[in-house]
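# Understanding the architecture of this molecule
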Amino acid sequence: MRLLALHVHDFRNLPQVQLSPSAHATIAVGQNGQGKTNLLEALYFLATLKPLRAGRLSELVRWGSQGARVTGRFLLKGAEREISVEVGGGTRQAFVDGKKASSLEDYFGGVSVVAFTPDDLEVVKGGPDSRRGFLDRAVFNRYPAFLRESREYARALKNRNRLLREGHAVDAAYLDAYDETLAKAGARIYSRRRSLMAELAPRAQATFASIGRTVDPAVYGYRPAHLDGDFANADEAALAALLRECLAGRLRRDMERGFTSVGPHADDVSVTLGGRSARAYASQGQQRALVLGWKIAEIENLEAAMGFLPLLLLDDVSSELDPERNAYLMGYLARSGAQTVLTTTDGSLVRGAAADDTLWLDVHGGQVAVHVDDAAPPAA
Ligand SMILES: Nc1ncnc2c1ncn2[C@@H]1O[C@H](COP(=O)(O)OP(=O)(O)OP(=O)(O)O)[C@@H](O)[C@H]1O
């Protein structure tokens, strides 16, 4: 997969960007607040239909404009394909080759992207929701249908919570039907996350072993909270049965509180170092190495699964890593041959990922321009 051309229109502070990225590294350099992350966010949104950091879609539209549009032309398995997303009035509309996309699967059609941001580096010490989000982004990359499936689950959960809040008025047969739907949708999420972890955890553990500067082994694990039974070996029907049982067992408590306390929305990813919680005991550098190990594993895993590398988006990650781990990451990017878009305030930090064909960009006040003097990385 390769991104051949990108066109951004009225996305955040970017009025108009048109560029043909390098087949390898494209490096956007600029001072703080100029629009580097916005450029990356436009690409991420194009490739996932999910905002990288915005809470609301309307935040993506340039102030004073009616709508934003991002278009990308990709080379996928030898054929060119243009996808486009428009945002306006709080909704988004996806297009494939100029026509409305018939489904999400049709839209994505093999486009795959992995983003790595400073927020990711904080994920180990953050709360379960950030780790869950981190896991789910990897699951979605691996299984694009997961976007639809997780929405189905969220809808079922919302309906059940509404019913629980109605308290005494809950009709048992009615609730039973809701539980059935929720358990089925939940079992799919469990199963997707479990499959992804089975592929990814051993790779992440191996990468960490080479960058962690410790003999303590890292272990990344996922096991649903509150669910009793043989999670590792249960098929999807058995997972749904386990979840239903658990929902029934916690019904009284859930009715008192007015929300569902068990299910994929309440899970966490455990990360341990030498058998101890990494959140509680690992140093900041080790926590970051654990995240770096995971990200590199995610990229390798996608390559193994799809037969090609995803597009990599790195937002000012180098300034957050120590020099040795930054050099490891830059060396990995250069060796992998992946198409990468990096942002930085200091071009020298990402020099290790650059080659003769690197496209250097200057970002200033929402304007993105190709840097002409290629003798040295542009200084911010
Ligand atoms: N919807 C919007 N419309 C117009 N401008 C916006 C919008 N959303 C954010 N901005 C502006 O975009 C700028 C931030 O851009 P961005 O986050 O890309 O910065 P950056 O170059 O990555 O900086 P840093 O190095 O600090 O991360 C801010 O000046 C902000 O006010």
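Just so you know, the residues in each chain are numbered from 1, in the order the chain's sequence is written. For this predicted model, a pLDDT threshold of at least 70 governs which residues receive local features, and a threshold of 80 or more governs which side-chain atom pairs are given and counted, while totals over whole chains, interfaces and linings are taken from all residues. To obtain the side-chain values, all non-hydrogen atoms of the structure were included, while hydrogens and water were left out.

As annotated in an unreviewed UniProt entry, the protein carries the name DNA replication and repair protein RecF and is attributed to Pseudomyxococcus hansupus.

### Looking at the nonpolar core
By size, the foremost hydrophobic cluster in this structure holds 119 residues, and its most contacted members are Leu6, Tyr107, Tyr220, Leu313, Leu329 and Leu333. An automatic or database domain assignment supplies the start and end points of every domain. Each of two domains, domain 1 (1–111 + 310–380) and domain 2 (113–309), supplies a minimum of three residues to this core. Only heavy atoms enter the contact rule, under which two residues are in contact if any of them lie within 4.5 Å. Those residues in contact with leucine 333 that lie beyond four places of it in its chain are Leu312, Leu314, Ala338, Thr340, Leu342 and Ala353. The nonpolar core is taken to be a set of buried Ala, Val, Leu, Ile, Met, Phe, Trp, Tyr and Cys residues, with the residues joined through side-chain atoms within 4.5 Å. Only protein chains enter the accessibility calculation, which uses a 1.4 Å probe; a residue whose area is less than 20% of its type maximum is buried, one above 50% is exposed, and one in between is partly exposed.

### Topic: the domain arrangement of the protein
Here the domain parsing of the protein yields domain 1 (1–111 + 310–380) and domain 2 (113–309). Counting residues at the interface gives 32 residues for domain 1 and 31 residues for domain 2. We define buried area as the total accessible area lost by two parts upon association, computed with a 1.4 Å probe and summed across both. Taken over both partners, the interface formed by domain 1 and domain 2 buries close to 3,000 Å², and the fraction arising from carbon and sulfur atoms is 66%. Basic side-chain nitrogens of Lys or Arg form a salt bridge, by our definition, when they fall within 4 Å of a carboxyl oxygen of Asp or Glu. The interface formed by domain 1 and domain 2 holds 4 salt bridges in total. Between aspartate 322 and arginine 213 there is a salt bridge; the shortest N-O distance is 3.3 Å. In the analysis that follows, any N or O atom pair within 3.5 Å is treated as a polar contact, provided that within protein one partner can donate a hydrogen and the other can accept it, and provided that, for residues neighboring in sequence, both atoms belong to side chains. Summed over the shared surface of domain 1 and domain 2, the number is 11 residue pairs in polar contact (both at pLDDT 80 or more). For the side of domain 1 that touches domain 2, the elements supplying multiple residues, two or more each, are helix H1 (36–48), helix H2 (104–108), strand S12 (311–315) and helix H11 (323–336). Classifying every residue of the side of domain 1 that touches domain 2 gives 18 nonpolar, 4 polar and 10 charged. Working definition: helices are DSSP H or I runs of at least four residues, strands are E runs of at least two. Numbering for both runs from the N terminus. Residue polarity is assigned by list, with Asp, Glu, Lys and Arg as charged and Ala, Val, Leu, Ile, Met, Phe, Trp, Tyr, Cys and Pro as nonpolar; anything else, Gly included, falls into the polar class.

### Here's the deal with the sheet that holds strand S2 (residues 14–19)
The 6 strands are arranged S2-S1-S4-S5-S6-S7 in an open sheet whose pairing can be described as antiparallel. Taken across any chain shown, the strands that pair with only one partner, and hence form the sheet edges, are S2 and strand S7 (99–100). Following DSSP output, two strands are said to pair if at least two bridges run between them. Pairing of strand S5 (residues 79–88) with strand S6 (residues 91–96) involves 6 bridges; the strand directions are antiparallel. Directly across from isoleucine 83, in S6, lies its bridge partner valine 96. In the packing of H1 onto the sheet, contacts are made with strand S1 (2–11), S2, strand S4 (67–76), S5 and S6, and the angle to S1 comes to roughly 115°. Axis definition: a line fitted to C-alpha atoms, over the contacting stretch in the case of helices. Angles run 0 to 180 degrees between N-to-C directions.

### Points about the side chain of aspartate 316
One can find aspartate 316 in the loop between S12 and H11. No salt bridge forms around the buried aspartate 316; measuring N to O, its nearest opposite-charge neighbour lysine 36 is 6.0 Å away. Of the polar contacts made by the side chain of aspartate 316, one reaches the side chain of serine 319; its length is 3.2 Å. Beyond its immediate chain neighbours, meaning those up to four positions away, aspartate 316 contacts Pro118, Thr343, Thr344 and Thr345. Counted as positive: Lys and Arg. Counted as negative: Asp and Glu. His and the chain ends are not counted at all.

### Some remarks on the site of the ligand
Around the ligand sit 16 residues, and of these Gly33, Lys36, Thr37, Asn38 and Val61 come closest. Separating an oxygen atom of the ligand from a backbone N or O atom of glycine 33 is a distance of 2.6 Å. Here glutamate 59 contributes a backbone N or O atom positioned 2.9 Å from a nitrogen atom of the ligand. Computed with a 1.4 Å probe, the accessible areas rest on the Shrake-Rupley method; for each residue, only the protein chains presented here act as cover. Protein contact buries 75% of the 660 Å² of open area that the ligand shows by itself. For the shell around the ligand, the class distribution of residues is 2 nonpolar, 9 polar and 5 charged. Throughout, near means a residue has at least one heavy atom within 4 Å of the molecule or strand.

### A short note on the UniProt feature "binding site: ATP" (unreviewed entry) in the protein
The UniProt record annotates "binding site: ATP" (unreviewed entry) at Gly30, Gln31, Asn32, Gly33, Gln34, Gly35, Lys36 and Thr37. From the set just named, the residues that line the second largest pocket comprise Thr37. If you trace the backbone, glutamine 34 turns up in the loop between strand S3 (25–29) and H1. Reaching out from glutamine 34, the side chain makes a polar contact with the side chain of histidine 364 at a distance of 3.5 Å. Relative to the helices and strands, lysine 36 resides in helix H1. Apart from the residues within four sequence positions on either side, lysine 36 is in contact with Ala28, Val29, Gly30, Gln31, Thr343, Thr344, Thr345 and Val363. UniProt positions are given in the numbering used here, feature names are shortened, and annotations may be inferred rather than shown by experiment. Throughout, the protein atoms alone are placed on a 1 Å grid, and a set of points is a cavity if a 1.4 Å probe fits but cannot get out or a pocket if it is open with protein on both sides within 12 Å along at least five of seven lines; lining residues have an atom within 4 Å of a point.

### Focus: helix H4 (residues 128–142)
The end-to-end C-alpha distance of H4 is 21 Å, a good match for the 21 Å that 15 residues give at a rise of 1.5 Å each. Taken residue by residue, H4 has Arg131, Arg132, Phe134, Leu135, Asp136, Ala138, Val139, Phe140 and Asn141 as its buried positions. The span expected for a helix works out to 1.5 Å for each residue beyond the first.

### Concerning the packing of H4 against helix H6 (residues 172–211)
Their axes nearest at 10 Å, the elements H4 and H6 cross at an angle of 85°. Accordingly, the angle class assigned to the pair H4 and H6 is roughly perpendicular. Across the interface between the two elements, Arg132, Leu135, Asp136, Ala138, Val139 and Arg142 of H4 pack against Arg192, Arg193, Leu196, Met197 and Glu199 of H6. Of the residues in the contact of H4 with H6, the class split is 5 nonpolar, no polar and 6 charged. Here the angle decides the label: under 35 degrees means roughly parallel, over 145 means roughly antiparallel, 65 to 115 means roughly perpendicular, and every other value means oblique.

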